[in-house]
Amino acid sequence: MSPLTQTIFMISLTLGTTLTLSSTHWLLAWMGIEINTLAIIPLMIQNSQPRAIEAATKYFFAQAGASALLLFAAFLNSCLTGSWNIVQMHHPAASTLCILALAMKIGIAPLHSWVPEVMQALDLRTALILSTWQKLAPLYLMYQIPLDNSDLILFLGLLSIAVGGLGGLNQVQILKIMAYSSIAHLGWMVIILSISAHLTLLALYTYLLISSSLFFSLMMMRTKHISSLSVSWAKIPALTMTLPLILLSMGGLPPLTGFTPKWLITMELMKSGLALMALFAILLSLLSLYFYLRIFYTTTLTTPPNNPPGSLPWRFFPQHITLLPTLAVTATITLLPLTPAILTFMT
């Protein structure tokens with residue numbers, strides 16, 4: 001695919017998300033989501049591999065079904081309440097259908113089965129877009145609609161944390177692990193959505209930061225499999241040393257940045273009288289932390305390095321722009337002390 005064609009599709013992705021974020025009418029928001037879907041499919045199949053085409057087909061059918069359900073929910077709400085406004089979806093049936101449609105859009109359990117299968121067949125850049133940018137518009141709509149059925153939201157959040165932790169235990173492909181990690185993080189965002197929406201935004205921003213830094217690191221290492229990380233020290237030694245910290249931050253281990261949203265969400269759940277649910281969420285998140293630990297423990301600590309003959313690759317000049325990954329990795333590791341300032345800014 002030529003650079004001009006890629007630029008056109010990237011502009012279309014930006015246009016679709018911007019249209020959804022700036023709209024108050026359901027039809028305009030739906031059109032923005034559809035532009036996003038149609039723009040990312042050519043990026044998925046740009047390598048013309050059979051697995052990529054299969055993944056794009058699965059993604060299209062999942063998104064088409066979710067879009068049809070979302071449009072039906074908006075039409076049902078307009079028939080019952082006479083309004084197409086996003087913030088005026090007050091009928092319980094329409095609101096429930098809308099939440100389920102948006103949950104399928106972003107891959108919240110139990111409507112998550114397409115996410116791992118699609119992610120594992122993509123290249124790292126397209127997987128980064130699918131894991132981060134494609135979640136903005138549906139999460140914005142879920143943030144805007146009135147959440148009258150809070151029990152459904154709490155159930156979807158806790159189930160997503162459980163599925164994300166259990167699903168990634170036996171995976172060896174990094175992209176599949178990132179897919180289940182995305183499901184688990186979405187569970188943390190959704191579980192607090194009906195109680196404290198600004199903490200959902202904080203969890204989203206933190207996930208976007210950490211996920212971007214991890215994908216940038218993998219792109220620089222050019223690896224998609226756990227076993228390939230055993231020789232990464234010979235390519236980029238400094239990045240190999242920071243990769244475990246990125247993974248621990250993704251798992252929410254203190255004193256790293258990823259601990260901030262889980263800590264605040266747990267406190268807010270306990271203040272709302274949901275201490276048992278907070279306990280289950282913490283225990284289930286330990287499963288995710290386990291497979292993050294397994295990634296770097298089995299590759300960087302116990303696997304002997306396969307030293308390539310001749311000049312070490314890290315002695316050559318890097319072929320990637322390193323400023324943005326450096327800033328992302330630094331923020332991923334060191335933003336926890338700024339939590340009070342971040343909360344003051346968001347509230």
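The rules behind each value
Residues numbered from 1 in each chain as written. Predicted model: local features only at pLDDT ≥ 70, side-chain atom pairs only at ≥ 80, totals over all residues. Heavy atoms only, no water. UniProt positions renumbered as here; feature names shortened; annotations may be inferred. Core = buried A, V, L, I, M, F, W, Y, C linked by side-chain atoms within 4.5 Å. Buried < 20%, exposed > 50% of the residue type's maximum accessible area, 1.4 Å probe, protein only. Helix = DSSP H or I, 4+ residues; strand = E, 2+ residues; numbered from the N terminus. Domains from an automatic or database assignment. Contact = heavy atoms within 4.5 Å. Patch = residues over 30% accessible without salt bridge, like charges linked within 9 Å, V, L, I, M, F, W, Y side chains within 5 Å. Areas by Shrake-Rupley, 256 points an atom, 1.4 Å probe, with all protein chains shown as cover. Salt bridge = Lys/Arg side-chain N within 4 Å of Asp/Glu carboxyl O.

As recorded in an unreviewed UniProt entry, the chain goes by the name NADH-ubiquinone oxidoreductase chain 2, listed as coming from Poeciliopsis infans. Per UniProt, the comment on the chain under Catalytic activity (unreviewed entry) is "a ubiquinone + NADH + 5 H(+)(in) = a ubiquinol + NAD(+) + 4 H(+)(out)". The Subcellular location (unreviewed entry) field of the UniProt record for the chain holds the comment "Mitochondrion inner membrane".

Enquirer: Describe the nonpolar core, with residues and values.
Expert: Counting 100 residues, the largest nonpolar core has Trp 26 and Ile 191 as its most contacted members. Take this core: its biggest share by element is 14 residues, from helix H10 (residues 197-221). In terms of domain composition, this core takes at least three residues from each of domain 1 (1-148) and domain 2 (149-305 + 321-346). If near-sequence neighbours (up to four positions away) are discounted, Trp 26 is found in contact with Leu 70, Ala 74, Trp 84, Asn 85, Ile 86, Met 89, Cys 98, Leu 141 and Ile 145.

Enquirer: Which residues make up a nonpolar patch on the surface, and what values do they have?
Expert: A cluster of nonpolar side chains, Leu 276, Leu 279, Phe 280, Leu 283 and Leu 286, forms an exposed patch at the surface whose accessible area comes to about 480 Å². In this fold, Leu 286 is placed in helix H13 (residues 275-301). Accessibility expressed as a relative area gives 47% for Leu 286, which makes it partly exposed.

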